[in-house]
Amino acid sequence: MKILLKNFLIFLIIFLILAGVLSLLGSSGAKTEQISVSQLVTEVSTGQVKTIALTGNRLDVVLNNGQRQLAYKGDGDFIALLKNYGVDQNKLNSFEFQVKNSSGQSIWATTILPIGIPLIFIIGFFVFLQRQMRGAGNQAFKFGESQAREIGPLDKKTKITFKDVAGVSEAKSELGEIIEFLKNPRKFINLGAKIPKGVLLVGGPGTGKTLLARAVAGEANVPFFHISGSEFVEMFVGVGASRVRDLFRRAKKNLPCIIFIDEIDAVGRQRGAGLGGSHDEREQTLNQILVELDGFEPNIGLVVMAATNRPDILDPALLRPGRFDRKVILDMPSIKDREEILKIHSQNKPLASTVNLKKVAERTPGFSGADLSNLMNEAAILTARRNKNKIGQLEILESIEKVLLGPERRSRVFSEKEREISAYHEAGHALVAHELPGCDKVQKVSIISRGQAGGYTLITPEEDKYLKNKNEFLDNVAGLLGGFVAEEETFKQTTTGSSSDLKKATDLIKRMVTQFGMSDLLGPRTFGEKEELIFLGREISEQRDYSEKTAQLIDEEVSKLITLCYNKAKEIVKNKKAYLEKIAKLLLEKETLEKNEFEKIFTTP
Ligand code: ADP
Ligand code: MG
Ligand code: ZN
């Protein structure tokens with residue numbers, strides 16, 4: 001409304017200025033005096049007239065003294081009129097007489113323009129106003145339309161194919177038949193084969209679900225309608241459902257094609273369990289998706305893909321045969337996949353010859369595709385900040401910690417004493433991890449503060465591991481307690497710096513006992529049932545399915561195992577105190593130790 005008012009004011013001002021200019025123009029011959037025909041006759045007979053120009057009935061008179069006059073004659077010939085008034089023949093010849101075409105441009109200038117231009121403006125203004133109103137109305141009508149973005153098959157710039165997706169080979173081969181079908185539906189129809197209507201991509205955040213869906217469209221060369229589950233949901237009940245209808249209608253006009261509903265858990269949560277306002281709306285939207293999924297024949301060339309990282313909370317109706325019955329799982333990338341992903345994301349970045357992406361992949365277990373892409377970006381930024389023109393291995397490795405722990409916080413000032421405590425603490429972690437066979441390799445030790453951490457010890461496996469045994473767990477916990485033990489051993493007291501280590505250690509041990517059946521005392525069973533509170537989408541309560549007595553046993557067992565790990569760490573730190581000193585001294589001097597520098601400590605006497 002405000003915009004409308006503003007536009008109106010602008011229009012009014014333009015209009016007023018124009019009207020003013022025009023009226024000025026019209027009166028620019030302001031010196032022209034209007035006279036009667038008889039006065040003109042008098043002037044002619046007295047020989048004052050220089051020229052007379054006739055346009056229609058209008059007579060423009062210029063006198064000998066340069067004055068301009070204007071007169072209007074009735075119908076009939078002007079010269080004859082003068083004669084009738086009895087003007088002398090030689091007086092008639094004494095002035096120049098011009099006849100102008102009355103339908104010429106002058107009528108434009110004299111009558112049409114002054115009236116026409118304002119008229120055009122007024123009409124223009126009303127048209128404009130109306131369009132504004134209709135625009136506003138349109139938006140209200142568009143509310144129920146889907147906001148899906150369409151990516152056409154000819155969109156070369158945004159085209160993504162399987163080449164751009166590293167790893168996830170099983171997912172790719174599963175999606176292969178869908179691509180084949182979209183490319184050549186006849187082949188399948190002739191054989192009476194039914195292609196799945198719905199495919200659900202399942203994988204953790206950043207594993208490339210969205211990317212893969214787009215790659216499928218790119219490979220099959222079909223239009224791709226991309227919408228996020230949350231875009232269906234608005235304040236008003238019914239909007240989501242109408243958007244779903246509209247989306248399917250649009251897609252059906254563009255067959256064959258793919259509809260991709262990203263983050264479907266936003267609308268696809270289990271029904272009937274929600275609290276709070278948006279839940280009715282969500283249910284209606286979900287119902288509409290189900291209706292649409294059932295509403296088209298399997299082989300018309302429409303494939304609906306959806307992605308989620310929470311398949312467990314989806315409504316079972318969505319996963320029923322005939323709907324999203326095909327599940328494609330995207331795993332976290334393995335070490336080889338990580339190398340491939342790094343290669344893809346360094347394609348348009350200049351890398352120094354020293355860069356070894358395999359080493360980078362080794363150091364980044366648990367990184368998703370998105371993390372790796374972020375890592376290469378951070379490395380490029382770091383390189384630019386250092387005014388180098390090629391990304392080096394060092395920049396990439398440094399960026400790992402940035403992605404993992406947050407940016408360096410060099411501005412945080414530590415006292416000498418605090419630095420010393422930090423050095424011994426990290427040295428403790430590193431030493432215990434180095435000595436215990438169940439721990440992974442120490443990649444880096446540092447006392448540079450990053451994010452929340454005062455310092456850090458990077459311990460990662462050489463290769464991906466999917467299974468862990470009890471000994472490895474216990475050794476890991478001992479490693480976590482290494483910092484605490486080293487502080488205690490060196491300074492005879494501990495600091496708050498160990499609190500997150502202790503929490504991690506306790507959680508690990510608890511899970512060993514209650515979920516992995518790794519306690520001899522409690523045996524191979526699980527304890528406690530996590531209850532999902534759907535409207536929050538988070539587990540917030542844990543239900544006890546065991547007795548008070550068992551709870552006490554669990555407590556005791558956890559304490560017992562932690563003590564065991566503590567003693568293990570203590571023994572190492574006590575026996576190898578010389579090494580602890582060495583590591584800590586070197587850390588205080590250099591702040592950061594790389595893997596080879598760290599290992600050298602143990603090989604040189
Ligand atoms: P998700 O949808 O699973 O959360 P995305 O598909 O949005 O993850 O991935 C985010 C980004 O991470 C992608 O744009 C891409 O740059 C990168 N990425 C993820 N997985 C891969 C992969 N397998 N190969 C290459 N790049 C990947
Ligand atoms: Mg995504
Ligand atoms: Zn620590």
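Residues numbered from 1 in each chain as written. Chains lettered and ligands numbered in written order. Predicted model: local features only at pLDDT ≥ 70, side-chain atom pairs only at ≥ 80, totals over all residues. Heavy atoms only, no water.

Here we look at the packing of helix α21 (residues 577-590) against helix α22 (residues 595-603)
Think of two packed helices as two axes; the pair is described by the angle between the axes and how far apart they sit.
Piece 1. Where α21 contacts α22, the axes come no closer than 10 Å and their chain directions differ by 145°. Between α21 and α22 lies a crossing whose hand is right-handed. Two secondary-structure elements touch here, α21 through Tyr-579, Lys-582, Ile-583, Leu-586 and Lys-590 and α22 through Glu-597, Phe-598, Ile-601 and Phe-602.
Piece 2. The class makeup of the residues in the contact of α21 with α22 is 6 nonpolar, no polar and 3 charged. (Axes fitted to C-alpha atoms, helices over the stretch in contact; angles between N-to-C directions. Helix = DSSP H or I, 4+ residues; strand = E, 2+ residues; numbered from the N terminus. Left-handed = near helix turned anticlockwise from the far one by under 90°. Contact = heavy atoms within 4.5 Å. Nonpolar A, V, L, I, M, F, W, Y, C, P; charged D, E, K, R; others polar.)

A word on the side chain of Asp-440
Piece 1. For Asp-440, the position within the fold is in the loop between α17 (416-435) and β12 (441-446).
Piece 2. Residue Asp-440 is classed as buried on the basis of its relative accessible area, which comes to 16%.
Piece 3. Here Asp-440 is in contact with Ala-433, Ile-459, Thr-460, Pro-461 and Lys-465, once residues within four sequence places are set aside. (Buried < 20%, exposed > 50% of the residue type's maximum accessible area, 1.4 Å probe, protein only.)

So, the pattern of salt bridges
Piece 1. Under the definition given, this model contains 24 salt bridges.
Piece 2. In this structure, Glu-594 and Lys-444 form a salt bridge, with 3.4 Å as the shortest nitrogen-oxygen distance. Of this pair, Glu-594 sits in strand β16 (residues 592-594) while Lys-444 sits in strand β12, placing them 150 residues apart in sequence.
Piece 3. Lys-590 is paired through a salt bridge with Glu-597; the nearest N and O atoms lie 3.0 Å apart.
Piece 4. Judged by its relative accessible area of 25%, Glu-597 is partly exposed.
Piece 5. Here the salt bridges share partners, and the residues they tie into one network are Arg-363, Glu-401, Lys-444 and Glu-594. (Salt bridge = Lys/Arg side-chain N within 4 Å of Asp/Glu carboxyl O.)

Re the coordination of the zinc ion (ligand 3)
Piece 1. Taken together, His-425 (NE2), His-429 (NE2) and Asp-501 (OD) make up the protein donors of the zinc ion (ligand 3), found 2.0 to 2.1 Å from the metal.
Piece 2. Ordering the donors of the zinc ion (ligand 3) by residue number gives the pattern H-x3-H-x71-D. With His-429 in helix α17 and Asp-501 in helix α19 (residues 499-514), this pair connects stretches of sequence that are 72 residues apart. Of the two residues examined, His-429 and Asp-501, each falls in the buried class. (Donors = N, O, S within 2.8 Å, 3.2 Å for Na, K, Ca; no water.)

A look at the nonpolar core
If you look at soluble globular proteins, the nonpolar side chains tend to sit buried side by side.
Piece 1. Ile-509 and Ile-583 are the most contacted members of the largest nonpolar core, which totals 45 residues.
Piece 2. If you list the elements that add at least two residues to this core, you get α17, β12, α18 (470-491), α19, α20 (548-575), α21 and α22.
Piece 3. At 9 residues, the largest contribution of residues to this core is made by α18.
Piece 4. With residues near it in sequence (within four places) discarded, Ile-509 still touches Leu-474, Val-477, Val-558, Leu-561, Ile-562 and Cys-565.
Piece 5. Among the nonpolar cores identified, the runner-up in size contains 30 residues, and Ile-151, Leu-212, Ala-217 and Met-305 belong to it. (Core = buried A, V, L, I, M, F, W, Y, C linked by side-chain atoms within 4.5 Å.)

Details of the site of ligand 1
Piece 1. Surrounding ligand 1, one finds 16 residues, the nearest of these being Ala-166, Gly-206, Lys-209, Thr-210 and His-345.
Piece 2. In this structure, an oxygen atom belonging to ligand 1 sits 2.8 Å away from a side-chain N or O atom of Lys-209.
Piece 3. Residue Thr-210 places a side-chain N or O atom 2.6 Å away from an oxygen atom belonging to ligand 1.
Piece 4. Isolated, ligand 1 exposes 560 Å² of accessible area, and the fraction of that covered by the protein chains is 80%.
Piece 5. Counting residues per element, the ones that place at least two in the shell around ligand 1 are α8 (209-220), α13 (335-345) and α15 (369-385).
Piece 6. When its residues are assigned to classes, the shell around ligand 1 shows 6 nonpolar, 8 polar and 2 charged. (Near = heavy atom within 4 Å. Polar contact = N/O pair within 3.5 Å; in protein donor to acceptor, adjacent residues only side chain to side chain. Areas by Shrake-Rupley, 256 points an atom, 1.4 Å probe, with all protein chains shown as cover.)

Concerning the pairing of strand β8 (residues 224-228)
Piece 1. Among the 5 residues that make up β8, 5 are buried, leaving the element largely enclosed by the rest of the structure.
Piece 2. Note that strand β6 (residues 149-151) and β8 share 3 bridges and pair antiparallel. By the bridge assignment, Ile-151 is partnered in β8 with Phe-224.
Piece 3. As paired strands, β8 and strand β9 (residues 257-262) are joined by 5 bridges and run parallel to one another. Bridge pairing in β9 places His-226 opposite Phe-260. (Pairing = 2+ DSSP bridges.)

Observations concerning the packing of α17 against α18
Piece 1. Contact geometry for α17 and α18: axes closest at 7 Å, N-to-C directions at 135°. For the element pair α17 / α18, the angle class is oblique. Read as a crossing pair, α17 and α18 show a hand that is right-handed. Here α17 contributes Lys-417, Glu-420, Ile-421, Tyr-424, His-425, Gly-428, His-429 and Val-432 to the contact with α18, which in turn contributes Ala-478, Gly-479, Leu-480, Gly-482, Gly-483, Phe-484, Ala-486, Glu-487, Thr-490 and Phe-491.
Piece 2. Its residues assigned to classes, the contact of α17 with α18 comprises 8 nonpolar, 7 polar and 3 charged. (Parallel < 35°, antiparallel > 145°, perpendicular 65-115°, else oblique.)

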